[in-house]
Amino acid sequence: MRPGQTVTVFGAYGHTGRFVVAELRERGFVPVLSGRDAGKLRALAAAVPGAPEVRPASVDDPASLDRALDGADAVINCAGPFAVTAAPVIEAALRAGIPYVDVAAEIEANLDTFTHFADRARAAGAVIVPAMAFYGGLGDLLATAAMGDWTTADEANIAYGLSGWHPTPGTRVAGTVSRERRAGRRVRYTDGRLEYHDDETALLTWPFPAPMGPREVVGEFTMADVVTVPSHLSVPEVRTHMTTEAAGDLSAPDTPAPTAADENGRSGQTFLVDVVVRRGDTERRAVARGRDIYAVTAPLAVEAVHRILTGRTRTLGVASAGRIFDAPDFLRALSPHITLDPLPRRTAS
């Protein structure tokens, strides 16, 4: 990586965007602050050491997006709802000839990115990585690492053991847009395809590893993993589950937004992501533990940009985290931010 490479952060003043800006600076990148609200951008710039450059832009003004990305080495899109922002910012990244990374958790927005940009990005030799975040990215990396030398599996379960979930305003808006797009139905990946359904939610007991132990979860509380994991792994059943405490927090309209509990702005929320892939009677497991799902998204996205710009990728076009990066190596690089249980060892091919 060249010293001082520039990364435009679209949605820089949002909750997750601020963590991404801080992580970029920590890693030696030069962030350019972008987004719709010029006043919020200026206020953020005044609070960030080094007074980063401010470039206001709007998704309905392509010229402003071109200015925001002019001269940048990459762009990270942190502005939801991604159903609105992803396509315009991807178009701008393609025009600028730079990599695009986003932190979208919206199932439909991620599916749109794979559907509408795969051929164009591949033809252009471009790199587009959607869902490079706690939801979608981390689960995909863990599932890929758990697979190890397996080329197929019968099913993958991704269970989210969150101590609670205080959603940001952006999470609430994106969730509303996502639910409206699928008419309130839930989504499952089964029999090798996405299915929309409105049957009753099932409560299950998931055997989280110690010290968390068994916890009640909302079964098939569908997250972005149902798009990212099957985009490259041959697994016909992908299921995601959420602890009932966190699901209840998210659904309650009066749950407050997250508040800082340390000097880095992280909340006190803790998480355990437990991924189990099964082939026949054999299971493989990958587990990650950490704190604050929004804060940990920043090192995921910034590490992705670092690897793209240093040529440590496995493909071009639109690709999920597990497809484009060496999953075990990527996860180990996150060690200052997450704790991993020992990963399955790969056998020589």
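Residues numbered from 1 in each chain as written. Predicted model: local features only at pLDDT ≥ 70, side-chain atom pairs only at ≥ 80, totals over all residues. Heavy atoms only, no water.

Participant: I'd like a rundown of the pattern of salt bridges, residues and numbers included.
Facilitator: Enumeration according to the criterion identifies 27 salt bridges in this entry. Taking the shortest distance from any N to any O, the salt bridge between Glu 91 and Arg 120 comes out at 2.8 Å. Of the two residues, Glu 91 is situated in helix 4 (residues 82-96) and Arg 120 in helix 5 (residues 107-124); the sequence distance between them amounts to 29 residues. The class of Arg 120 is partly exposed, set by a relative accessible area of 42%. Linking Arg 312 and Asp 329 is a salt bridge whose minimum nitrogen-to-oxygen distance equals 3.2 Å. Residue Arg 312 is found in the loop between helix 10 (293-309) and strand 15 (317-318), and its partner Asp 329 is found in helix 12 (residues 327-333); the two are separated by 17 residues along the sequence. Through salt bridges that share partners, Asp 154, Glu 155, Arg 186, Arg 188, Asp 199, Glu 220, Glu 237, Arg 239 and Arg 278 make up one connected network. (Salt bridge = Lys/Arg side-chain N within 4 Å of Asp/Glu carboxyl O. Helix = DSSP H or I, 4+ residues; strand = E, 2+ residues; numbered from the N terminus. Buried < 20%, exposed > 50% of the residue type's maximum accessible area, 1.4 Å probe, protein only.)

Participant: Describe the layout of surface pockets, naming the residues involved and giving the relevant values.
Facilitator: Of the pockets and cavities examined, the second largest pocket occupies roughly 650 Å³. Every residue lining the second largest pocket is counted, 23 residues in all, and those nearest its centre are Arg 18, Phe 19, Ala 22, Glu 23 and Asn 264. Taken together, the elements giving at least two residues each to the lining of the second largest pocket come down to helix 1 (15-26), helix 2 (38-47) and helix 10. For the lining of the second largest pocket, the per-class residue count stands at twelve nonpolar, four polar and seven charged. (1 Å grid on protein atoms, 1.4 Å probe; cavity = no way out; pocket = protein on both sides within 12 Å on 5 of 7 lines; lining within 4 Å. Points joined across faces, edges and corners; volume = space filled by probe spheres on them. Nonpolar A, V, L, I, M, F, W, Y, C, P; charged D, E, K, R; others polar.)

Participant: I'd like a rundown of the side chain of Arg 289, residues and numbers included.
Facilitator: Its location among the elements puts Arg 289 in strand 14 (residues 282-291). Residue classification places Arg 289 among the buried residues on the basis of a relative accessible area of 19%. Engagement of the side chain of Arg 289 in a polar contact is seen with the side chain of Asp 341, the distance being 3.0 Å. In this structure Arg 289 touches Pro 209, Ala 210, Pro 211, Phe 271, Leu 272, His 337, Ile 338, Thr 339 and Asp 341, once residues within four positions along its chain are discounted. (Polar contact = N/O pair within 3.5 Å; in protein donor to acceptor, adjacent residues only side chain to side chain. Contact = heavy atoms within 4.5 Å.)

Participant: Describe in detail unusual backbone geometry, supporting the description with residues and values.
Facilitator: Residues Gly 80 and Pro 81 are joined by a peptide bond in cis, for which omega reads -5°. Residue placement: Pro 81 occurs in the loop between strand 4 (74-77) and helix 4. Ala 210 connects to Pro 211 through a cis peptide bond whose omega is 5°. Its identity is not glycine, yet Ala 183 carries a phi of approximately 55°, on the positive side. Among the structural elements, Ala 183 can be located in the loop between helix 7 (169-181) and strand 8 (186-190). With a relative accessible area of 64%, Ala 183 lands in the exposed category. The backbone of Asp 292 shows a phi angle near 70°, a positive value even though the residue is not glycine. With respect to the helices and strands, Asp 292 occurs in the loop between strand 14 and helix 10.

Participant: Tell me about the sheet that holds strand 5 (residues 100-102), and name the residues and values.
Facilitator: With respect to topology, seven strands assemble into an open sheet ordered 3-2-1-4-5-6-15, the strand pairing being parallel. Lying at the two open borders of the sheet, with one neighbouring strand each, are strand 3 (54-56) and strand 15. Pairing analysis gives four bridges linking strand 1 (residues 6-10) to strand 4, with the strands arranged parallel. Of the residues in strand 4, the one forming a bridge with Val 7 is Ala 74. Its contacts with the sheet place helix 1 against strand 1, strand 2 (30-35) and strand 4, and it is angled at close to 170° to strand 1. (Pairing = 2+ DSSP bridges. Axes fitted to C-alpha atoms, helices over the stretch in contact; angles between N-to-C directions.)

Participant: So what about helix 5? Which residues, and what values?
Facilitator: End to end, helix 5 covers 25 Å across 18 residues, agreeing with the expected 26 Å (1.5 Å per residue, within 8%). Most pronounced at Phe 117, the bend in helix 5 amounts to some 55°. Looking at the residues trailing helix 5, positive phi occurs at Gly 125, about 70°. (Expected span 1.5 Å × (residues − 1). Bend = angle between axes of the 7 residues up to and from the residue.)

Participant: Got a sec to walk through the nonpolar core? Specific residues and values, please.
Facilitator: Ile 76, Met 132, Phe 134, Leu 162 and Trp 165 are the most contacted members of the largest nonpolar core, which totals 105 residues. Take this core: its biggest share by element is eleven residues, from helix 10. With residues near it in sequence (within four places) discarded, Phe 134 still touches Gly 139, Tyr 160, Leu 162, Phe 271, Val 273, Ile 293, Val 296, Thr 297 and Leu 300. Membership of the second largest hydrophobic core comes to eight residues, among which are Val 217, Leu 272, Val 276 and Val 287. (Core = buried A, V, L, I, M, F, W, Y, C linked by side-chain atoms within 4.5 Å.)

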